[in-house]
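# Structure at a glance
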Amino acid sequence: MKKFLSFILLASYLYAEDFSARAVIISLDRTILSSEIAGEIIELSKYEGDSFKKGDSLIKIDCAVYSAQRRKIEVEKEISRLEHEKNKKLDTYGSIGTFEIQISQENYNKQKAESDIASINVSRCNIQAPFDGRIASKKVSKYQSVKPQDELLEIVSLDNLEARVVVPSSWLVWLKKGMDFDLNIDETKATIKAQVVQIDSIVDPTSQSISLRAKLIKPYDNIIPGMSATANFYQKNN
């Protein structure tokens, strides 16, 4: 009987109370891709909900003009290179001044820089995925003309998820960074593990609450940003 009572006392010590709060799932990798050049969209292969891998082509913009500009600049660069080589040979015969050689060298350097810029513009015609993820929203259509800074796609990663939880500020007495807790997902009814990674520095004086960030502990399936959850913390008695 004494052993049984000791077990009950130990259990009440370890699992005295549970504290619940609401949470929302977010992705740390969520961004809007914008156009860096002007042109017509000639390829748009992904739509809302479609998944993709890092490096996949998401949108292609007509690159004919930028490719032609690059070819033109490549020709000009080669001409400036030949001019500089000619001047260096003339210098061996004393037939040209140092100033002319320096000018031809700088002109060649300028054409190389122009060539680099043209190559960058050509690369901007093909917009690739910066990480694995899904399309959150599509803001343009195929054959649409866009200009620099126009929004194209909103994308989100499903691999780098966190929970944002708002808890009463009175919990700061026992709430610590590194503490584990359970997340009961509303939409899937699944329970997953999470761990506190950061507690905000400021308490909301009106609601007497504070926010915290928590990483989701893998494995977890079918969890996407925007899902709601109940965070269950288990406080040990002292």
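### As for the packing of aromatic side chains
This structure, assessed with the given rule, holds six aromatic pairs. For the pair F19 and W174, a centre-to-centre distance of 5.1 Å together with 40 degrees between the ring planes defines the contact as tilted. One end of the pair, F19, is in strand β1 (residues 17-27); the other, W174, is in the loop between β10 (161-168) and β11 (180-185), with 155 residues separating them in the sequence. The same class applies to F19 and to W174, which are both buried. The structure contains a cluster of three or more aromatic residues connected by ring pairs, namely F19, W171, W174, F181 and F233.

### Thoughts on the pattern of salt bridges
By the definition in use, this model includes 12 salt bridges. Between K72 and E76 there is a salt bridge whose closest N-O contact spans 2.7 Å. One end of the pair is K72 and the other is E76, both in helix α2 (residues 64-92) and four residues apart, which spans about a single turn. Overall, the relative accessible area of 30% leaves E76 in the partly exposed class. Notably, a salt bridge pairs K88 with E85, separated by 3.3 Å at the nearest N-O pair. Of this pair, K88 and E85 both sit in helix α2, three residues apart, which is roughly one turn of the helix.

### Comments concerning the sheet that holds strand β5 (residues 57-61)
With antiparallel pairing, the four strands of this open sheet are ordered in space as β6-β5-β3-β8. Strands with a single pairing partner mark the edges of an open sheet, and in this sheet they are β6 (126-128) and β8 (145-146). Strand direction decides the pairing type here: strand β3 (residues 39-44) and β5, joined by three bridges, are antiparallel. Bridge pairing links E43 to K60 in β5.

### Remarks on the state of the cysteines
All chains considered together, the criterion is met by one disulfide. Through a disulfide, C63 is tied to C125; the S-S separation comes to 2.1 Å. Taking the torsion about the S-S bond as the criterion, the C63 to C125 disulfide, at about 75 degrees, is right-handed. On the criterion of sequence distance, the pair formed by C63 in the loop between β5 and α2 and C125 in the loop between α3 (98-123) and β6 is long-range, its members being 62 residues apart. We note that C63, like C125, is buried.

Criteria and cut-off values
Residues numbered from 1 in each chain as written. Predicted model: local features only at pLDDT ≥ 70, side-chain atom pairs only at ≥ 80, totals over all residues. Heavy atoms only, no water. Phe/Tyr/Trp six-rings, centres within 6.5 Å; stacked < 30°, edge-to-face > 60°. Helix = DSSP H or I, 4+ residues; strand = E, 2+ residues; numbered from the N terminus. Buried < 20%, exposed > 50% of the residue type's maximum accessible area, 1.4 Å probe, protein only. Salt bridge = Lys/Arg side-chain N within 4 Å of Asp/Glu carboxyl O. Pairing = 2+ DSSP bridges. Disulfide = S-S within 2.5 Å.

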